[in-house]
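Here is how the chains run, residue by residue.
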Amino acid sequence: MTDSKKIRVLLAQFPLETHTKGMITVAGMLRDAGMEVVLLGNALPAVIARAAVQEDVDVVGISSYCGGELVLGEKLLALAREEGIRQDVVFILGGIFPPDNAAGLMKLGFAATFPPSAKAEEIVGGIKKALAAKSAG
Amino acid sequence: MTEGKTTRQILQEKETSGNSVPLYNPAALEKIKKDFDGWLKETVATADRENWTATPHNILGSELPRELIYSPLSNPGFDYLGRLAFSGQEPYTRGLHPNMYRGRTFTMRQLSGAGAPEYINQRLKMLLGHGATGINLALDVATVQMFDSDEPEALGQVGTVGVPIDSADDMAVIFKEIPIDKISASIVTHYPRNTAIVFPMYLVMAERRGVPWEKLAGSVQNDFIMENLVRGACEYISPKDSFRIQCDNIEFIRERVPRWNYVTLNGYNLREFGTSGTTEMAVALANGIATIEEMLRRGHDVDFVAARLAFFWSLGSDFFEEVARLRAVRRLWYRIMKHRFGAKNPRSMWMRCHVQTSGGSLTREEPMNNIVRSAYQALAAILGGCQSLHVDSYDEAYSVPSEESSLLGLRTQQIIEAESQATQVVDPLGGSFYVEKLTDEIEEKILNELDEIEQRGGIVEVVADGWLHKKVAAYIEAQQKQLDEGRIKVVDRNYHRAADPKMPEIAVHHYDEATGQQMRDKLAALRQRRNKNQVIKTLEALKQACRNDGNVFAACVDCARADVTEGEMRRAFTDAMGTWSAPGYM
């Protein structure tokens, strides 16, 4: 990914998620920061994985408030690999989850997690850092 | 929906100020004014004079400007009997009952937590054992969204944020050994469709236990705003269909379960989603008005319909605004019921409400601070005269409440009730120059916002065309900007934030994967043993009811009796009614 290209982000939620405020807020933050946002909304992990490949995004962002993030996160990453997603695509997750699950999500392969109070600069900075780390590694 | 005239226009025609008796006499006002002018000029500093009004910026606040000090001059024509009177008297500003909490304390209704039906049964018994006076049953996200525990969409989320309910059998486990004929149970079915699906399972559970429906007390939410606006989902039916189901539910429950509150107009989740305290109320009132109009159209009497209508509000941190809001909406609902609908039964004019403290005001950085926030939000609810209360837990920003934090919420209520003495005197802030002025201003603002909705064709229309979605999105964006810029100050989050916030030692609720397997096994056994012909027959009848304007709730009761599962009923609704694409927020 080169600097001249806009960062493309797919924002989605797991199928039964009821809360949408986080996703709407983050979509606004990323657009303000000059990124392109594809807002998928609620979808099965398989649908999110396929959309990430088809939309050729650089980042997949999941908003999760209702729990189950470890089970569903693992499934999403596995399905994304099956779909043949680019190696340098970054997965992030934000919302409400038990703090110790953050480490579990990172272990699964998420590049960053964010609490509900995360500021725009933290999320935008976190994404850029994760993308840089991926392209360097 | 609102044929011809808006509520504001009707009130303008019907309310006359002929009997108004101003409290202050002109000579006194004149003297006060003279004194005020002198004080303003000679005693008040120039900077304060120039910044006489300040606009508070707050999480989910209404941004109503406040003066430096209030006095009789803020409200010179103040009419005590017309605008306040005594508690239990029209216009009910000071409270619904003459003796308020001296007669009956507020219902302490803490949410039940998350986990398998067996676990929730224990948790309910724990809360009741510690003095809770009502049940507040939170459903897991699959149940809220009307999916069975064994559908692919439910993977990983069975038993998160509430209890899973697939069939009437699960209700039997949840309420085992709980005296359902004596306790009032709030079943937090957000949407009309899941009210029509889940509440019949409660009724069938009662039937199987031999408890007559006449003895059941409690409430459901049954609010189409929740289904079509507030929630995210992978599947929707149209606002028009949702609204119709909302009214079908009311019709059936009103006739057959007479002590049940068949609709709880839910401002709470809309506000927490992202809107001001006045918009939350304007939307709920607009829905209440539309509902009563529809029931009148179906041939019911206004008092038959309105007597058990209830509201659910979010109470945030702007203390006086929150107290004033409850007083304002109580008066406004009375005015609507009295003058727009000509209600005769006092109960029909009562704005009865459940309050939950604001989850959105709580922080993750130093969660113990949330105990303080929730406690004074709860006090505002009591000073505002609510009927029942849930106090949010300090671990809200981490997970669903642990047993410990849930008990702390209950203890907060008990401390206010037994120790603060705030419940001894009815409407203790009534008569405050400030609170009365704020109450008037908020009432006017709610009425203005209600008028705008009605001008646009009514509540179903503004949801269907996406106007309300956009209003909410704009509010969310504006709030986020104010938070980022530090104009809204939140202690420990963006104001006096610790340089290195330490993660606290709190025992948060973890998702137990065993619950999912347990529920899937139970469903497999249920599908084996039930009468398959009955399942097919009752589901077909439900689809027929959907298509032919039959009462869908009655059809769902038959489904529940035949052990039809939640997901099966959901699919019958969508098969018959079709789906709807929600308008985008962006």
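Novice: Honestly, the overall build of chain A in this entry has me stumped. Any pointers?
Specialist: Secondary structure summary: chain A contains five helices and five strands in total. Its helices and strands taken in sequence order, chain A reads β-α-β-α-β-α-β-α-β-α from the N to the C terminus. For 137 residues, the compact-globule estimate of 2.2 N^0.38 gives 14 Å, and the C-alpha radius of gyration of chain A, at 13 Å, lies within 12% of that figure. Summarising its shape, the C-alpha atoms of chain A cover approximately 35 × 35 × 25 Å along the three principal directions. Long-range pairs, those at least 24 residues apart, make up 77% of the contacts in chain A between residues at least 6 apart in sequence.

Novice: Please explain the overall build of chain B as it appears in this structure.
Specialist: A count of helices and strands for chain B gives 24 helices and nine strands. Taken over C-alpha atoms, the radius of gyration comes to 24 Å for chain B, in line with the 25 Å a tight globule of 586 residues would show. Out of the 586 residues belonging to chain B, those deemed buried represent 52%.

Novice: Looking at this model, I keep getting lost on unusual backbone geometry. Mind explaining?
Specialist: One can expect most non-glycine residues to show negative phi and most peptide bonds to be in trans. Residues and elements named next belong to chain B. The omega angle of the peptide bond from Glu-90 to Pro-91 is 5°, so this bond is cis rather than trans. Here Pro-91 shows up in the loop between α4 (80-83) and α5 (100-103). Positioned with a positive phi, Asp-492 is a non-glycine residue whose angle comes to about 80°. Inspection of the secondary structure assignment puts Asp-492 in the loop between α20 (467-485) and α21 (513-529). Of note, Asp-563 is a non-glycine position whose phi angle comes to about 60°, a positive value. Here Asp-563 falls in the buried class, since 21 other C-beta atoms lie within 10 Å of it.

Novice: Just to check I follow, could you spell out helix α17 (residues 403-418) of chain B for this structure?
Specialist: Residues spaced three or four apart along an α-helix point in a common direction, a consequence of the helix completing one turn every 3.6 residues. Residues and elements named next belong to chain B. Helix length check: α17 (16 residues) gives 22 Å between terminal C-alpha atoms against 22 Å at 1.5 Å per residue, within 8%. Inspection of α17 places Ser-405, Ser-406, Gly-409, Leu-410, Thr-412, Gln-413 and Ile-416 among the buried residues, and these make up the whole buried set. One side of α17 carries all its buried residues, which in axial view fall inside an arc of 150°. Along α17, exposed side chains directed more than 90 degrees from the buried face belong to Glu-404 and Ala-418. Those residues of α17 that are buried lie in contact with β1 (107-108), α6 (117-129), α16 (369-383) and β9 (388-390).

Rules of the game
Residues numbered from 1 in each chain as written. Chains lettered and ligands numbered in written order. Predicted model: local features only at pLDDT ≥ 70, side-chain atom pairs only at ≥ 80, totals over all residues. Helix = DSSP H or I, 4+ residues; strand = E, 2+ residues; numbered from the N terminus. Rg over C-alpha atoms; globule rule 2.2 N^0.38 Å. Contact = placed C-beta atoms within 7 Å. Buried ≥ 20, exposed ≤ 12 C-beta atoms within 10 Å, placed from the backbone. Expected span 1.5 Å × (residues − 1). Arc of directions from axis to C-beta.

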